[in-house]
Structure formats: C-alpha cells, structure tokens
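What follows is each chain in one-letter form.
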Amino acid sequence: LKVAPEHTSNKVLRLMRKPTFELFADLKKLFDRVNRENGMNQQLIPYFISSHPECHEEDMADLAVKTKQLDFRLEQVQDFTPTPMTLATVMYYTGIDPYTGNKVFTAKTQDEKRNQRQFFFWYKPEERQKIKDRLIKLGKRDFIDLLFGFLEKRFAI
C-alpha cells in the first residue's frame, strides 16, 4: 500500500493542508495488526519530501528518528520542487504563508537541500558521519543515539 504522509512535522504538514503524522502512525499500527492477524506480509510504502517550505534540518532529523522508530528505511522520497499553480510554490517564492501572512523559511541552496535530504538515508553507511556532524552542529546529539544506537557508545564520535 503506497501512502503519502509526506512529513512528520506538524508545522510542515499544516502548510501542506495535511493531517498530523500521528494519523499515519495509527494507520501503520492497524496495517501491521491486520497483516499479523491474517498471516500476510504486505508492505506499507510511505512517500516523504524534504525542503518543503517551513521545513528545517531539525524537522528532517526528527523525521529520520520517527520513521526509524516505525521500522522504515525510506526509499520513496523527493526533494521539494516548485510546481506551477501550487500553494507551496507561492510560499517558496514569496517566503510568506498567504493564509497567515507569516514568514516561511524555505531551503533553497544546494547545501541546505542536501543537508535536509541526507536525513532520509540515515541507514546508509556513507551518510552516517555527515549526519552525525550535522546533528552535533544542530545541537541534537541525543538523535545520534536514537538513529545509530549502541554503536555510538562503543566508538567515540
């Protein structure tokens, strides 16, 4: 079953006009239970996006932790690309939420976008050190243990 929760951050989801991530987490629990009770091995394939307006690196770090806790290794992912006639594109180019008039951050440089996107792939060995470095810079050292577990306790960061 392919679904598009798109993000875990409620502030980003609000701008997307989507329900909270908890609704997707409930769906996953129900999906897993139905699979178990019926002896099935169907897959739930979520789609996520990085660099959407109002998405910060911290939000992507949180996305990595939450999706890992749900036993996902994401592959169906995309970096935000402005598309004509969408609300997100208006926010991308103006930097303003048209419903509230509030300023909206948007990652636009290659570095900003790459720094967000790498969190999708926390499980890839080639991304590990870069992610740890970013988490330290963001003041999110606790996320290192959440993403990489006991290995960090055996080896110095």
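Because the structure is a prediction, the values reported are computed rather than measured.

1. Considerations on the side chain of Gln 118
Within the element layout of this structure, Gln 118 appears in the loop between α5 (110–117) and α6 (125–137). Setting aside chain neighbours within four positions, we find Gln 118 in contact with Glu 127, Lys 130, Ile 131 and Arg 134.

2. Quick word on the nonpolar core
One finds Phe 120, Leu 135 and Leu 147 to be the most contacted residues of the largest nonpolar core, which totals 35 residues. When contributions to this core are tallied by element, the ones reaching two or more residues are α1 (10–16), α2 (21–37), β2 (45–50), α3 (57–69), α4 (87–94), α6 and α7 (141–148). With five residues, α3 is the largest single contributor of residues to this core. Non-local contacts of Leu 147, meaning those with residues more than four positions away in its chain, are made with Ala 64, Val 65, Lys 68, Trp 122, Ile 131 and Leu 135.

3. Quick word on the environment of Thr 109
When you line up the elements, Thr 109 lands in the loop between α4 and α5. The sequence separation of Thr 109 and Ile 136 amounts to 27 residues, and the corresponding C-alpha distance is 21 Å.

4. Let's talk about the packing of aromatic side chains
Tallied over the full model, the rule gives nine aromatic pairs. Geometrically, the ring pair formed by Tyr 92 and Tyr 93 is edge-to-face, given 4.9 Å between the ring centres and 90° between the ring planes. Looking at Tyr 92, the relative accessible area reads 12%, which means it is buried. When the centroid spacing of 6.1 Å and the interplanar angle of 70° are considered together, the rings of Phe 120 and Phe 121 count as edge-to-face. Through a chain of ring-to-ring contacts, the aromatic side chains of Phe 21, Phe 24, Phe 48 and Phe 72 assemble into a single cluster. Lys 124 extends its terminal NZ or CZ atom over the ring of Phe 121, reaching a point 4.5 Å from the ring centre.

5. Digging into the packing of α3 against α7
As a packed pair, α3 and α7 sit with axes 9 Å apart at the nearest point and diverge in direction by 30°. What the angle tells us is that α3 and α7 run roughly parallel. Crossing of α3 over α7 shows left-handed handedness. Touching Ala 61, Asp 62, Ala 64, Val 65, Lys 68 and Gln 69 of α3 are Phe 143, Leu 146, Leu 147 and Phe 148, all from α7.

6. Some words on the side chain of Lys 113
With respect to the helices and strands, Lys 113 occurs in helix α5. In contact with Lys 113, not counting residues within four places along its chain, are Ser 51, Asp 79, Phe 80, Ala 107 and Lys 108.

7. Some thoughts on the pattern of salt bridges
In this structure the tally under the stated criterion is eleven salt bridges. Salt-bridge contacts for Glu 37 lead to Arg 33; the nearest nitrogen and oxygen are separated by 3.3 Å. In this pair, Glu 37 and Arg 33 are both assigned in helix α2, four residues apart and thus about one turn of the helix distant. The exposure class of Glu 37 is exposed, given its relative accessible area of 53%. The exposure class assigned to Arg 33 is partly exposed, which follows from its relative accessible area of 37%. Connected via shared salt-bridge partners are Lys 11, Glu 54 and Asp 59.

Reading guide: rules and limits
Residues numbered from 1 in each chain as written. Predicted model: local features only at pLDDT ≥ 70, side-chain atom pairs only at ≥ 80, totals over all residues. Heavy atoms only, no water. Helix = DSSP H or I, 4+ residues; strand = E, 2+ residues; numbered from the N terminus. Contact = heavy atoms within 4.5 Å. Core = buried A, V, L, I, M, F, W, Y, C linked by side-chain atoms within 4.5 Å. Buried < 20%, exposed > 50% of the residue type's maximum accessible area, 1.4 Å probe, protein only. Phe/Tyr/Trp six-rings, centres within 6.5 Å; stacked < 30°, edge-to-face > 60°. Lys NZ or Arg CZ within 6 Å of the ring centre and 35° of its normal. Axes fitted to C-alpha atoms, helices over the stretch in contact; angles between N-to-C directions. Parallel < 35°, antiparallel > 145°, perpendicular 65-115°, else oblique. Left-handed = near helix turned anticlockwise from the far one by under 90°. Salt bridge = Lys/Arg side-chain N within 4 Å of Asp/Glu carboxyl O.

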